Amino acid sequence: MEAPPRGPAAQEAEDDPLLLAELKPGRPQQYDWKASCETWSVAFSPDGTWFAWSQGHCIVKLIPWPLEEAELSCKAAERKNRGIKAAVSGGGGAKEKTLECGQIVWGLAFSAWPPCGAKERDGLLAPGRSCLILATGLNDGQIKVWEVQTGRLLFSLSGHLDVVRDLSFAPNGSLILVSASRDKTLRVWDLSRDGKQVQVLSGHTQWVYCCSISPDCSMLCSAAGEKSAFLWSMRSYTLIRKLEGHQSSVVSCDFSPDSALLVTASYDTCVIMWDPYTGEQLRTLRHVPLPPALDYGSDIHTSSLRSVCFSPEGLYLATVADDRLLRIWDLELRTPVAFAPMTNGLCCVYFPHGGFIATGTRDGYVQFWSAPKVLSSLKHLCRKALRTFLTTYQVLALPIPKKMKEFLTYRTF
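This is a predicted model, so every value here is computed, not measured.

**Re the sheet that holds strand β18 (residues 250-255)**
If you trace the 4 strands from one edge of the open sheet to the other, you get β18-β19-β20-β21, paired in antiparallel fashion. Both edges of this open sheet fall to β18 and β21 (280-286), since each of them pairs with a single strand only. When strand polarity is set aside, the average angle formed by the axes of neighbouring strands in this sheet is 20°. Relative to β21, strand β20 (residues 270-275) runs antiparallel, the two sharing 6 bridges. Within the sheet, the bridge partner assigned to Val 271 lies in β21 and is Leu 285.

See the structure below:
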């Protein structure tokens, strides 16, 4: 049975996440059906100034962050009653925007548009001006890319033959975009070359649910309705290895901030943490029913996972499962240290600077939760700095003690 530990390592995370705000979509009048209202994807911009929300019915909301202080401290019931029809103001006086995508939106991804060498396209993007862009993956296989500040459409990328389920930009600002689709392929696009499709990655036999590019931009992980995840080279666009260990479909994946770890989540109720360089399984985190004292009243006994994500410092994970719980895991303790009840959760993402988690639901809601703010130890900061440019094999080749190698390769914490 899972029970949040109360040891010294858990002191900062021993309080369960608090619901800070809940956003409820105001339904467009022309849509009167209940389907297609799901929030399949939520995303923060890399600099933490914008939040994007696929609120269902072909609409994406762009909301400046942070929310007004009053909104972050309001009761969830108030948010349910108000919706988000009133304009939300964030830093700098920016106003929320509505993107009419014309199709159900499944995937979202932000990227910065470099200030130097940016091309002006039909007057939509001023050359030399730094800005944010948002890619949206649509139900008809298209990808639409928007300028965040203006809400204008920059690119329409065609090539996929079915739903674009997920999107991932290379974190280095190169404007390389990877898309994952129900047509069982991943496609690589170069927006610096007017959205040219540069590669098609084939090999999956089921719908591709998720894709994630490592922070060092060397690897790509993809998860499909299969028991294995695929690891690809972002340099040669070839398959490095299949990660086999799950007993059911893998549906979500994420790299640690230093690229040294990879986590995959599956319908088999497990999260597996891997060393992506060696393919070794480092630990398995199992989702099991809560003891009665901690049960939040759910009558659902399945713990199939929907989403997993790393915290910005790389010491915690957040997971969303079908048992109506958001869990926060301490990787050192290998157990959840906090729980929060949520209904019909589909996705989760950490705020880039920590302190918040955003979740999306089948009802089209977005919820913002408090998360532990972690003061990383000096030794972890040193490990994180080293692992951003050293692979596991390079660490193992160093003339240092075995225990230090084990710490640097996350065999111990």
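**So, the pairing of strand β4 (residues 59-64)**
Among the 6 residues of β4, 6 are classified as buried, and the element is accordingly described as predominantly covered. Side-chain alternation along β4 places Ile 59, Lys 61 and Ile 63 on one buried face and Val 60, Leu 62 and Pro 64 on a second face that is also buried. Pairing analysis gives 4 bridges linking β4 to strand β5 (residues 97-100), with the strands arranged antiparallel. Note that in β5 the partner of Ile 59 across the bridge is Glu 100.

**Some words on the environment of Gly 48**
Relative to the helices and strands, Gly 48 resides in the loop between β2 (42-44) and β3 (50-56). The exposure class of Gly 48 is buried, given its relative accessible area of 7%. Sequence-wise, Gly 48 and His 353 are 305 residues apart; in three dimensions their C-alpha atoms are separated by 7.2 Å. Setting aside residues up to four positions removed in sequence, Gly 48 forms contacts with Trp 65, Phe 351, Pro 352 and His 353.

**Some words on helix α3 (residues 378-387)**
Residues of α3 that are buried include every one of His 380, Arg 383 and Arg 387, and no others. Looking straight down α3, one finds its buried side chains confined to an arc of 60°; they lie on one side. On the buried face of α3, the contacting elements are α4 (392-396) and α5 (402-408).

**Side note on the sheet that holds strand β12 (residues 186-190)**
Read from one edge to the other, the open sheet built from 4 strands follows the order β10-β11-β12-β13, with strand pairing classed as antiparallel. For this open sheet the edge positions go to β10 (164-169) and β13 (196-201), each flanked by a neighbour on one side alone. Taken pair by pair, the neighbouring strands of this sheet meet at an average axis angle of 20°, ignoring direction. Two strands pair when backbone bridges link them, and strand β11 (residues 176-181) and β12 are joined in this way by 5 bridges, in the antiparallel orientation. By the bridge assignment for β12, Ala 180 is matched with Leu 186.

**Topic: the packing of aromatic side chains**
Two measures describe an aromatic ring pair: the distance that separates the ring centres and the angle between the ring planes. Under the defined criterion, the tally for this structure stands at 12 aromatic pairs. The interplanar angle of 75° and the centroid separation of 5.2 Å between the aromatic rings of Phe 44 and Phe 351 together place this pair among those described as edge-to-face. Linking Phe 44 in strand β2 with Phe 351 in the loop between β26 (345-350) and β27 (356-361), this pair joins segments that are 307 residues apart in sequence. Accessibility classification places Phe 44 together with Phe 351 in one group, the buried group. One aromatic cluster in this structure is built from Phe 44, Phe 51, Trp 65, Phe 351, Phe 356 and Phe 368. Positioned above the aromatic ring of Phe 413 is the side chain of Arg 383, whose terminal nitrogen or guanidinium carbon lies 5.2 Å from the ring centre.

**Considerations on the pattern of salt bridges**
Tallied over the full model, the rule gives 7 salt bridges. Between Arg 411 and Asp 275 there is a salt bridge whose closest N-O contact spans 2.8 Å. A residue pair is termed long-range when its members are at least 10 positions apart, and Arg 411 in the segment after α5 and Asp 275 in strand β20 qualify at 136 residues. Judged by relative accessible area, which is 25%, Arg 411 ranks as partly exposed. The salt bridge involving Arg 411 is made with Glu 280; its shortest N-O contact spans 2.5 Å. Pair noted here: Arg 411 is in the segment after α5 and Glu 280 is in strand β21, with a separation of 131 residues, a long-range link.

**Describing the side chain of Asp 254**
Among the structural elements, Asp 254 can be located in strand β18. Comment: no salt bridge for buried Asp 254; closest opposite-charge side chain is Lys 384, at 12 Å. Separated by 2.8 Å, the side chain of Asp 254 and the backbone nitrogen of Phe 310 make a polar contact. Dropping the residues within four chain positions of it, Asp 254 is found in contact with Ser 212, Leu 261, Leu 262, Val 263, Val 308, Cys 309 and Phe 310.

About the criteria used
Residues numbered from 1 in each chain as written. Predicted model: local features only at pLDDT ≥ 70, side-chain atom pairs only at ≥ 80, totals over all residues. Heavy atoms only, no water. Pairing = 2+ DSSP bridges. Helix = DSSP H or I, 4+ residues; strand = E, 2+ residues; numbered from the N terminus. Axes fitted to C-alpha atoms, helices over the stretch in contact; angles between N-to-C directions. Buried < 20%, exposed > 50% of the residue type's maximum accessible area, 1.4 Å probe, protein only. Contact = heavy atoms within 4.5 Å. Arc of directions from axis to C-beta. Phe/Tyr/Trp six-rings, centres within 6.5 Å; stacked < 30°, edge-to-face > 60°. Lys NZ or Arg CZ within 6 Å of the ring centre and 35° of its normal. Salt bridge = Lys/Arg side-chain N within 4 Å of Asp/Glu carboxyl O. Lys, Arg positive; Asp, Glu negative; His and termini not counted. Polar contact = N/O pair within 3.5 Å; in protein donor to acceptor, adjacent residues only side chain to side chain.

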